[in-house]
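What follows is each chain in one-letter form.
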Amino acid sequence: AVFATRGYIYPPLIGGDIGCGMSLTELKTLKSSKLDQDKISNKLRGIEGKNIAKLLLKKIKKKGPYESELLKNYMEEHPSIVSSNFNDNLGTIGGGNHFCEIVTVEKIVDEGIFLEKSLNEESVFLLTHSGSRGLGQSILDEFSKSVSLKVGSEECNRYLEKHDEAVEWGIKNRELIGRRVLECLNICKEDTSLILDVCHNAVVSKTFKDLNERYLHRKGAAPGDKGLIVIPGSRGAFSYLVLPYGDQEENCFSLAHGAGRKWSRNQVATKLRQKYGKSSKAHSVRNYLALTRTRFGNSVICEDKDLLLEEAPMAYKEIEDVIEDLSEFVKVVAILKPFITYKTRK
């Protein structure tokens, strides 16, 4: 949803995951035809460890001189990663519908735009969906009694300052998740290319044709005025790389950020437990393992069984229907296919 307001900002319309967004990064040293699913899955470990600063410092001591230099440079570039009360969660994916995913190209729809980015059918990407974790929720809690804030007031300015911090924290969080994945796969940052990083939970000011300034409150709504965006389906569905076009004012310069749920988490978990719960223990294990593969054969790394059930593909709408509904506002550039979806390991 997106709400355009004048003169007032409404923190509850943005919610607690301020700064949540999607990033898409090309992994230039990987080619889709050469990927080994089991090998890569086994390497993806330790992504959800806490206190990223301490972990990075430990890795600096353990790694060789080349890797140590990369990590030291990263620490110097991001000195604030040891300064926030919430940085224990920095560089972690979180629960719910958050994930990081290695995706490949299923189909190039607009070759011209795709080639402009020096991409091809063999390109491999890291798609990351995460936000500000506990920081954003703490900001919402702090302003929970303020249903509305008058623009220009001291309280509104204080909220916006904290809001902007959470947005930057979310960007940094996605970057650090990516860095952890690169470390697992022994890929240097120099061998990657950031295609996009867009936020879909935030408030931004925007001037409309009537020359009035409005405040767009985006809650799960991707920006339609920032160039390329990626709209993912479930872990068992395609994702779409699209370019917004046409007059975006009609839809408040905003688009769907994903397929969206058709069943609540409780509904889908109940349905699947009814299906699997009465079976023998051995059969239940086989059914659980079946949920770690999708119809594409891609691997799903999720060792939290409740989360695996709650985020099952059948809980989500058909992404093709969502893209068709957006056809007036977006041009499909490419269709991306999940290869490995990572949510959590114990």
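Residues numbered from 1 in each chain as written. Predicted model: local features only at pLDDT ≥ 70, side-chain atom pairs only at ≥ 80, totals over all residues. Heavy atoms only, no water.

Looking at an unreviewed UniProt entry, one finds the protein named 3'-phosphate/5'-hydroxy nucleic acid ligase, with Clydaea vesicula as its source organism. On record in UniProt, under Catalytic activity (unreviewed entry), the comment for the protein is "a 3'-end 3'-phospho-ribonucleotide-RNA + a 5'-end dephospho-ribonucleoside-RNA + GTP = a ribonucleotidyl-ribonucleotide-RNA + GMP + diphosphate". (UniProt positions renumbered as here; feature names shortened; annotations may be inferred.)

Chemist: Where do I start with helix α6 (residues 134-142) in this structure?
Modeler: Given 3.6 residues per helical turn, the α-helix brings residues three or four places apart onto the same face. Within the sequence span of α6, burial applies to L135, G136, I139 and L140. Considered in projection along α6, the buried side chains sweep an arc of 135° and stay on one side of the axis. Those residues of α6 hidden inside the fold are in contact with α1 (11-14) and α7 (154-185). (Buried < 20%, exposed > 50% of the residue type's maximum accessible area, 1.4 Å probe, protein only. Helix = DSSP H or I, 4+ residues; strand = E, 2+ residues; numbered from the N terminus. Arc of directions from axis to C-beta. Contact = heavy atoms within 4.5 Å.)

Chemist: Sorry if this is basic, but what is going on with the sheet that holds strand β1 (residues 2-5) here?
Modeler: Paired through backbone hydrogen bonds, the strands of a sheet run either parallel or antiparallel to each other. Taken in spatial order, the three strands line up as β1-β9-β8 in an open sheet, and their pairing is antiparallel. Taken across any chain shown, the strands that pair with only one partner, and hence form the sheet edges, are β1 and β8 (201-207). Between one strand axis and the next, the sheet turns through 20° on average, direction left out of account. Pairing of β8 with strand β9 (residues 213-219), which is carried by seven bridges, proceeds in the antiparallel orientation. Residue pairing in the sheet places N201 in a bridge with K219 of β9. (Pairing = 2+ DSSP bridges. Axes fitted to C-alpha atoms, helices over the stretch in contact; angles between N-to-C directions.)

Chemist: Just checking my understanding: could you explain the packing of α6 against α7 for this structure?
Modeler: Each pair of packed helices gets described by two things: the angle between the helix axes and the distance between those axes. Contact geometry of α6 with α7 gives a least axis separation of 9 Å together with a crossing angle of 165°. Classified by the angle their axes make, α6 and α7 are roughly antiparallel. Seen from above, α6 lies across α7 with left-handed handedness. When α6 is examined against α7, the residues L135, I139 and E142 are found in contact with a partner set consisting of R158, Y159, K162, H163, E165, A166 and W169. For the contact of α6 with α7, a count of residues per class yields five nonpolar, one polar and four charged. (Parallel < 35°, antiparallel > 145°, perpendicular 65-115°, else oblique. Left-handed = near helix turned anticlockwise from the far one by under 90°. Nonpolar A, V, L, I, M, F, W, Y, C, P; charged D, E, K, R; others polar.)

Chemist: I'm lost on the UniProt feature "binding site: Mn(2+) 2" (unreviewed entry) in the protein in this one. Help?
Modeler: UniProt records the feature "binding site: Mn(2+) 2" (unreviewed entry) for H129 and H200 in the present numbering. Judged by maximum C-alpha separation, these annotated positions cover 72 residues in sequence but sit close together in space, the widest gap being only 10.2 Å. When you line up the elements, H129 lands in strand β5 (residues 124-130). Excluding its chain neighbours within four sequence positions, the residues that come into contact with H129 are C20, G21, M22, I93, N97, H98, F99, H200 and H257. In this structure the side chain of H129 is engaged in a polar contact, spanning 3.2 Å, whose partner is the backbone oxygen of N97. (Polar contact = N/O pair within 3.5 Å; in protein donor to acceptor, adjacent residues only side chain to side chain.)

Chemist: Just checking my understanding: could you explain the side chain of R345 for this structure?
Modeler: Tracing the backbone through its elements, the reader meets R345 in the segment after β15 (330-344). Polar contacts involving the side chain of R345 include one to the main-chain carbonyl oxygen of L44, which spans 2.8 Å. Here the side chain of R345 touches E303 through a polar contact of 3.4 Å, side chain to side chain. Setting aside residues no more than four positions away along its own chain, R345 makes contact with S41, N42, L44, R45, E48, I301 and E303.

Chemist: Honestly, the packing of aromatic side chains in this entry has me stumped. Any pointers?
Modeler: How two aromatic rings sit relative to each other is set out by the distance from centre to centre and by the angle between their planes. Going through the model one piece at a time under the given rule, you end up with three aromatic pairs. With a centroid separation of 4.8 Å and 40° between ring planes, the pair formed by F238 and F296 is classed as tilted. In this pair, F238 sits in the loop between β11 (229-232) and β12 (239-244) while F296 sits in the loop between α9 (281-290) and β14 (299-302), placing the two residues 58 residues apart along the sequence. Across the pair, F296 and F238 agree in class, each one buried. Note that K206 overlies the ring of F253, its terminal NZ or CZ placed 4.6 Å from the centroid. Positioned over the ring face of F208 is R214, at 4.8 Å from the centre of the ring. (Phe/Tyr/Trp six-rings, centres within 6.5 Å; stacked < 30°, edge-to-face > 60°. Lys NZ or Arg CZ within 6 Å of the ring centre and 35° of its normal.)

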